[in-house]
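# Structural overview for review
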Amino acid sequence: MDFRLNEDQEAIKIMARDFVNQEMIPVAREYDEKEEFPFHIHDKLREVGLYNLALPEEYGGPGIDKISHALIVEELARGCAGIATSVEANSLASYPILVGGTEEQKKKYFGIIVNGGYSAFALTEPSAGSDVSGLKTTAERVGDEYILNGEKCFITNASYANYYTVLAKLKDSNKFVAFIVDRELEGLNVGPHEKKMGLRSSNTASVTFDDVRVPAENLLGEEGDGFKIFMKALSYARPMVGAQALGIAQGAYEEALRYAKERKQFGKPIANFQGIQFMLADMAMQVEAARLLVHKSVWYVQQGTPNTKASSFAKCYASDIAMKVATDAVQIHGGYGFIREYAVEKYFRDAKIMQIYEGTNQIQRVVIAKDILAD
Ligand code: CAA
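Please read all numbers here as calculations on a predicted model, not as lab measurements.

### A short note on the layout of surface pockets
In this structure, the second largest pocket occupies an estimated 570 Å³ of space. Contributing to the lining of the second largest pocket are 16 residues, with Asp2, Phe3, Ile67, Leu292 and His295 lying nearest its centre. Among the secondary structure elements, those contributing two or more residues to the lining of the second largest pocket are α1 (7–34), α3 (66–79) and α7 (274–303). For the lining of the second largest pocket, the element with the highest residue contribution is α7, accounting for six residues.

See below:
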């Protein structure tokens, strides 16, 4: 067992860290305040090869290993979790295609996102969040098309996506069907951008399908495969939510450490007080433990080993400690931590959604419990 990164992974981590420090951190607060999507940062990330991270080289992706992918995501989220989320929304939308797509589908649709386009994963509905099986979007086969009706909500990248990966139920049946749905199809409408507590530089909107005619060639897998395709996609994606949470925790910890050394009270830096030292020690320990779980879960993906439980461990633990570390980082900053110009205020707001999206942490515990009880 070797816990060291290899040379390539080290180089990728340094490159991502430098990019984040130079290009993202200086503008992250501004885009968060304006709730604007920083297209130019996405363009630069594409230019330097830190984009479409899940895609193999043969489809125009960087073809990096999964540990490198997690290292990049961690760094991006340390710089701005809103930007990291939008970047990773493309990976999330790609997983159903990687899992269930044909060669033609992969070539056509990955070709769009590697040439400057965006994509979105459309699963959640107003009345079906945790309960995926309860979704109401229907698909009816008519000739060589499926007629799609329904509504998806909280969709990251919805406003800018060229296509969506969508889960629906076959009309009057219990079969799940997964599709790639092109943005320009008639009857597809995107709602207004949602105003959010955190991740404010990411785009979130609803997507409605009103008799949208999707070509049958856009079906992923066979009729009935949709649920498993989407669940597998989530097992690949959840460790990267863990990596985002880890980036938030790492960033909040670094800010708290720096501040504790600078800030003087009672004639000495507050880092000299054991009350603060214990908080910093706990933060460092939790960040390290989360990193090990994230790296182990993506290592399973790299090996082609089922990673559902490990993926839930990583997502759940890393996001719980991101919330805790960000909360403690605000506490160490005292009143300054509550002021918006301090980075910890943003880490605190961005951390919350990590415990909610891509399956709430309660659902992660359901997945873990199912797995350990079945053993
Ligand atoms: N891989 C492969 N197969 C899987 C699987 C996986 N990871 N998980 C489940 N399955 C299979 C099961 O083995 C089962 O197969 P059989 O019928 O052959 O036995 C089938 O799928 C049904 O599984 P369950 O009985 O476990 O299904 P369930 O209805 O009880 O639901 C659930 C399971 C875990 C609660 C699931 O609904 C779930 O994950 N909910 C959370 C949804 C979620 O994560 N939403 C995130 C939205 S995306 C987002 O947030 C992104 C964003 O904006 C950035």
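Once you've had a look at it, read on.
### Focus: the site of the ligand
As a matter of local geometry, the ligand sits amid 24 residues, with Ser133, Lys228, Arg238, Glu358 and Lys370 nearest to it. A distance of 3.4 Å separates a nitrogen atom of the ligand from a polar atom in the side chain of Thr308. Within the contact set of the ligand, an oxygen atom lies 2.6 Å away from a side-chain nitrogen or oxygen of Lys370. Of the residues forming the shell around the ligand, the biggest block, seven residues, is contributed by helix α6 (residues 226–262). In the shell around the ligand, the residues fall into eleven nonpolar, eight polar and five charged. Taken together, domain 2 (119–227) and domain 3 (234–372) each give at least three residues to the shell around the ligand, which thus spans both.

### A closer look at the pairing of strand β2 (residues 138–142)
With five bridges connecting them, β2 and strand β3 (residues 145–156) associate as antiparallel partners. Bridging from a neighbouring strand, Glu140 pairs with Ile147 of β3. Counting the residues between successive antiparallel strands, the hairpin from β2 to β3 contains two residues, one of them, Gly143, with a positive phi of roughly 60°. Bridge analysis of β2 against strand β4 (residues 163–170) gives two bridges, and the strand direction is parallel. Opposite Thr138, over in β4, you have Lys169 as the bridge partner.

### Digging into the packing of aromatic side chains
Describing an aromatic ring pair means giving the distance of the ring centres and the angle of the ring planes. Applying the stated criterion across every chain yields a total of 14 aromatic pairs. Between Phe37 and Tyr118, the ring centres sit 5.6 Å apart and the planes meet at 80°, which makes this aromatic pair edge-to-face. Residue Phe37 is located in the loop between α1 and α2 (39–47), and its partner Tyr118 is located in the loop between α5 (103–114) and β1 (119–122); the two are separated by 81 residues in the primary sequence. The pair Phe37 / Tyr118 is uniform in exposure class, with both members buried. With 5.6 Å between their ring centres and 50° between their planes, Tyr336 and Tyr342 make a pair best called tilted. Aromatic ring contacts, followed pair by pair, group Phe37, Phe39, Tyr118 and Tyr160 into a single cluster.

### So, the domain arrangement of the protein
According to the domain assignment, the protein contains domain 1 (7–114), domain 2 (119–227) and domain 3 (234–372). On the domain 3 side, the residues contacting the 23 residues of domain 1 number 30 residues. For the domain 1 and domain 3 pair, buried surface summed over both sides reaches about 2,100 Å², with 60% attributable to carbon and sulfur atoms. Counting the surface domain 1 buries against domain 3, the share from its top three residues, Arg29, Lys66 and Glu74, is 27%. Viewed at the interface, domain 3 and domain 1 are joined by six salt bridges. Asp32 is the partner of Arg349 in a salt bridge, and the nearest nitrogen-oxygen pair spans 2.8 Å. At the surface where domain 1 touches domain 3, the tally comes to eleven residue pairs in polar contact (both at pLDDT 80 or more). With nine residues, the top contributor of residues to the side of domain 1 that touches domain 3 is α3.

### Considerations on the pairing of β4
In terms of burial, β4 is a largely internal element, eight of the eight residues being buried. Where β1 and β4 come together, four bridges link them in parallel fashion. Bridging from a neighbouring strand, Ser119 pairs with Tyr163 of β4. Two elements, β4 and strand β5 (residues 176–182), share seven bridges in a ladder whose sense is antiparallel.

### Side note on the nonpolar core
If you look at the biggest cluster of nonpolar residues, it comprises 91 residues, and the most contacted ones within it are Leu45 and Ile332. For this core, the element with the most residues is α6, which contributes 17 residues. Counting residues in hydrophobic clusters, the runner-up holds 23 residues, among them Ala120, Tyr164, Phe179 and Ala205.

### Details of empty space enclosed by the protein
To find leftover empty space, one rolls a probe the size of a water molecule over the atoms. Within the structure shown, the criterion is met by one cavity of 30 Å³ or more. Counted as a void, the largest cavity has a volume near 30 Å³. Around the largest cavity sit Glu88, Ser91, Leu92, Tyr95, Ala237, Met240, Val241, Gln244 and Glu358, which together line it. Secondary-structure elements contributing two or more residues to the lining of the largest cavity are α4 (81–100) and α6. Residues belonging to the lining of the largest cavity are distributed by class as follows: five nonpolar, two polar and two charged. Of the domains in this structure, domain 1 (7–114) and domain 3 (234–372) are the two that each give at least three residues to the lining of the largest cavity.

Calculation rules
Per chain, the residues get numbers from 1 upward, laid out in the order the sequence is written. Per-residue local features of the predicted model are confined to residues with pLDDT of at least 70, and side-chain atom pairs are confined, for both listing and counting, to 80 or more; whole-chain, interface and lining totals are unaffected and use all residues. Hydrogen atoms and water are omitted, and side-chain values are computed over all heavy atoms in the structure. Cavities and pockets are defined on a 1 Å grid built over the protein atoms alone: a cavity is a set of grid points where a 1.4 Å probe fits but cannot escape, while a pocket is an open set with protein on both sides within 12 Å along at least five of seven lines, and lining residues are those with an atom within 4 Å of any such point. Grid points are joined across faces, edges and corners, and a volume is the space filled by probe spheres set on the points. Each helix corresponds to a stretch of at least 4 residues labelled H or I by DSSP, and each strand to a stretch of at least 2 residues labelled E; elements are numbered beginning at the N terminus. To be near a molecule or strand, a residue needs just one of its heavy atoms within 4 Å of it. Polar contact criterion, stated in full: a pair of N or O atoms within 3.5 Å, where within protein one must be able to donate a hydrogen and the other to accept it, and residues adjacent in sequence count only if both atoms are side-chain atoms. Residues were grouped as follows: Ala, Val, Leu, Ile, Met, Phe, Trp, Tyr, Cys and Pro as nonpolar; Asp, Glu, Lys and Arg as charged; and all remaining residues, including Gly, as polar. Residue ranges labeled as domains rest on an automatic or database domain assignment. Two strands qualify as a pair provided that DSSP identifies no fewer than 2 bridges between them. For Phe, Tyr and Trp, rings pair up if their centres lie within 6.5 Å, where Trp contributes its six-membered ring, and each pair is then called stacked (planes under 30 degrees apart), edge-to-face (over 60) or tilted (otherwise). Relative accessibility under 20% of the residue-type maximum defines a buried residue, over 50% an exposed one, and the middle range a partly exposed one, all with a 1.4 Å probe and only protein chains included. Whether two residues are in contact is decided by their heavy atoms, any of which lying within 4.5 Å being enough. As a working definition, buried area equals the accessible area (1.4 Å probe) given up by two parts on being put together, with both sides summed. Any Lys or Arg side-chain nitrogen located within 4 Å of an Asp or Glu carboxyl oxygen qualifies as a salt bridge. In this description, a nonpolar core means a group of buried Ala, Val, Leu, Ile, Met, Phe, Trp, Tyr and Cys residues linked to one another through side-chain atoms lying within 4.5 Å.

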